[in-house]
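# Summary of the model geometry
These are the residues of each chain, in order.
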Amino acid sequence: PAAAGGVGIAAVQISKALGAKVIAAAGSDSKIEIARKYGGADYGVNYSKPGWQKEVLQLTGGKGVDVIYDPVGLINGMFPLWSYVSVRQLRIHDTL
(Lines give C-alpha, C1' and ligand atoms only; values in the text may rest on other atoms or scores of the structure.)
Protein backbone atom coordinates (compact mmCIF):
# COMPACT_ATOMS: atom_id res chain seq x y z
CA PRO A 1 0.00 0.00 0.00
CA ALA A 2 2.43 2.63 -1.12
CA ALA A 3 1.70 6.04 0.30
CA ALA A 4 3.62 7.47 -2.65
CA GLY A 5 1.01 6.70 -5.31
CA GLY A 6 -1.73 9.11 -6.28
CA VAL A 7 -4.38 7.65 -3.99
CA GLY A 8 -1.85 7.18 -1.19
CA ILE A 9 -0.73 10.80 -1.35
CA ALA A 10 -4.37 11.93 -1.33
CA ALA A 11 -5.02 9.73 1.72
CA VAL A 12 -2.03 11.25 3.50
CA GLN A 13 -3.16 14.79 2.65
CA ILE A 14 -6.73 14.16 3.82
CA SER A 15 -5.48 12.57 7.03
CA LYS A 16 -3.20 15.53 7.71
CA ALA A 17 -6.06 17.95 7.01
CA LEU A 18 -8.09 16.10 9.64
CA GLY A 19 -5.29 16.50 12.16
CA ALA A 20 -3.79 13.01 12.08
CA LYS A 21 -0.17 12.12 12.63
CA VAL A 22 0.65 10.08 9.52
CA ILE A 23 3.12 7.24 9.22
CA ALA A 24 3.41 6.51 5.52
CA ALA A 25 4.29 2.98 4.42
CA ALA A 26 6.02 2.29 1.13
CA GLY A 27 8.31 -0.32 -0.38
CA SER A 28 11.34 1.92 -0.84
CA ASP A 29 12.97 4.85 0.87
CA SER A 30 12.52 7.00 -2.24
CA LYS A 31 8.76 6.39 -2.16
CA ILE A 32 8.67 7.34 1.52
CA GLU A 33 10.32 10.63 0.62
CA ILE A 34 7.65 11.25 -2.03
CA ALA A 35 4.93 10.67 0.59
CA ARG A 36 6.63 13.08 2.95
CA LYS A 37 7.34 15.75 0.31
CA TYR A 38 4.03 15.72 -1.57
CA GLY A 39 1.66 14.23 0.98
CA GLY A 40 3.02 15.75 4.15
CA ALA A 41 3.53 12.45 6.01
CA ASP A 42 5.12 12.92 9.42
CA TYR A 43 7.07 9.66 9.30
CA GLY A 44 7.72 6.84 6.89
CA VAL A 45 8.43 3.14 7.16
CA ASN A 46 9.76 0.86 4.45
CA TYR A 47 7.63 -2.29 4.53
CA SER A 48 10.15 -4.20 2.42
CA LYS A 49 12.61 -4.14 5.33
CA PRO A 50 12.33 -6.66 8.16
CA GLY A 51 11.13 -5.22 11.46
CA TRP A 52 9.17 -2.30 10.08
CA GLN A 53 6.28 -3.14 12.39
CA LYS A 54 8.57 -2.56 15.37
CA GLU A 55 9.53 0.79 13.89
CA VAL A 56 5.84 1.75 13.84
CA LEU A 57 5.55 0.76 17.49
CA GLN A 58 8.58 2.90 18.33
CA LEU A 59 7.12 5.89 16.49
CA THR A 60 3.87 5.54 18.44
CA GLY A 61 5.42 4.97 21.85
CA GLY A 62 4.31 1.33 21.83
CA LYS A 63 0.64 2.19 21.31
CA GLY A 64 0.33 1.28 17.65
CA VAL A 65 -1.86 3.13 15.22
CA ASP A 66 -5.55 4.00 15.30
CA VAL A 67 -6.26 3.35 11.62
CA ILE A 68 -4.45 1.58 8.81
CA TYR A 69 -5.44 2.57 5.29
CA ASP A 70 -4.47 -0.28 2.97
CA PRO A 71 -6.02 -0.11 -0.50
CA VAL A 72 -4.71 -3.50 -1.65
CA GLY A 73 -4.83 -5.72 1.45
CA LEU A 74 -1.07 -6.19 1.71
CA ILE A 75 -0.83 -5.85 5.48
CA ASN A 76 -4.09 -7.48 6.56
CA GLY A 77 -3.41 -9.62 9.63
CA MET A 78 -0.01 -8.14 10.44
CA PHE A 79 -1.48 -6.03 13.22
CA PRO A 80 -4.26 -8.07 14.83
CA LEU A 81 -4.70 -5.69 17.78
CA TRP A 82 -4.84 -2.50 15.72
CA SER A 83 -7.79 -1.07 13.87
CA TYR A 84 -7.55 -2.17 10.27
CA VAL A 85 -9.45 -0.29 7.59
CA SER A 86 -9.27 -1.40 4.00
CA VAL A 87 -11.08 0.13 1.07
CA ARG A 88 -13.09 -3.08 0.79
CA GLN A 89 -14.27 -2.78 4.41
CA LEU A 90 -15.20 0.85 3.96
CA ARG A 91 -17.34 -0.02 0.95
CA ILE A 92 -18.99 -2.96 2.70
CA HIS A 93 -19.93 -0.79 5.67
CA ASP A 94 -21.09 2.10 3.45
CA THR A 95 -18.46 4.39 4.94
CA LEU A 96 -16.90 5.21 1.60
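Reading the values: rules and limits
Residues numbered from 1 in each chain as written. Predicted model: local features only at pLDDT ≥ 70, side-chain atom pairs only at ≥ 80, totals over all residues. Heavy atoms only, no water. Helix = DSSP H or I, 4+ residues; strand = E, 2+ residues; numbered from the N terminus. Contact = heavy atoms within 4.5 Å. Areas by Shrake-Rupley, 256 points an atom, 1.4 Å probe, with all protein chains shown as cover. Pairing = 2+ DSSP bridges. Right-handed = clockwise from strand over helix to strand, strands pointing away. Buried < 20%, exposed > 50% of the residue type's maximum accessible area, 1.4 Å probe, protein only. Arc of directions from axis to C-beta. Salt bridge = Lys/Arg side-chain N within 4 Å of Asp/Glu carboxyl O. Axes fitted to C-alpha atoms, helices over the stretch in contact; angles between N-to-C directions. Parallel < 35°, antiparallel > 145°, perpendicular 65-115°, else oblique. Left-handed = near helix turned anticlockwise from the far one by under 90°. Polar contact = N/O pair within 3.5 Å; in protein donor to acceptor, adjacent residues only side chain to side chain.

### As for the overall build of the chain
- Per the secondary structure count, the chain includes 4 helices and 4 strands.
- Walking the chain from its N terminus toward its C terminus, one meets helices and strands in the order α-β-α-β-α-β-β-α.
- Within the chain, contacts between residues at least 6 apart in sequence are counted, and of these 31% link residues at least 24 apart.
- With an accessible surface of roughly 6,100 Å², the chain has 55% of that area assigned to carbon and sulfur atoms.

### Some words on the pairing of strand E1 (residues 23-26)
- In this structure, E1 lies alongside strand E2 (residues 43-46), joined through 4 bridges in parallel fashion. Its bridge partner being in E2, Ile23 is matched across the sheet by Tyr43.
- Crossover handedness for the path E1 to helix H2 (residues 29-39) to E2: right-handed.

### Comments concerning H2
- Along H2, the residues classified as buried are Ile32, Ala35 and Gly39. Projected down its long axis, H2 shows its buried positions confined to an angular sector of 70 degrees, all on one face.
- Next to the buried residues of H2 lie helix H1 (6-17), E1 and E2.
- Within two residues after H2, Gly40 carries a phi angle of roughly 90 degrees, on the positive side.

### Observations concerning the pattern of salt bridges
- Enumeration according to the criterion identifies 2 salt bridges in this entry.
- Here Lys16 and Asp42 are joined by a salt bridge, their closest N and O atoms 2.8 Å apart. Placement of Lys16 in helix H1 and of Asp42 in the loop between H2 and E2 is noted, with a sequence separation of 26 residues between them.

### A short note on the packing of H1 against H2
- Where H1 contacts H2, the two axes come as close as 9 Å, and the packing angle between them is 50 degrees. Considering the angle they form, H1 stands oblique to H2. As H1 packs across H2, the resulting crossing turns out to be right-handed. Taken together, the residues of H2 that come into contact with H1 (itself represented by Ile9, Val12, Gln13 and Lys16) are Ile34, Ala35, Tyr38 and Gly39.

### A word on the side chain of Asn46
- Of note, Asn46 is situated in strand E2.
- A relative accessible area of 7% places Asn46 in the buried class.
- In this structure the side chain of Asn46 is engaged in a polar contact, spanning 2.5 Å, whose partner is the side chain of Ser48.
- Excluding residues that lie within four positions of it along the chain, Asn46 makes contacts with Ala26, Gly27, Ser28, Asp29, Ile32 and Trp52.

Read these as spatial facts, not as claims about activity.
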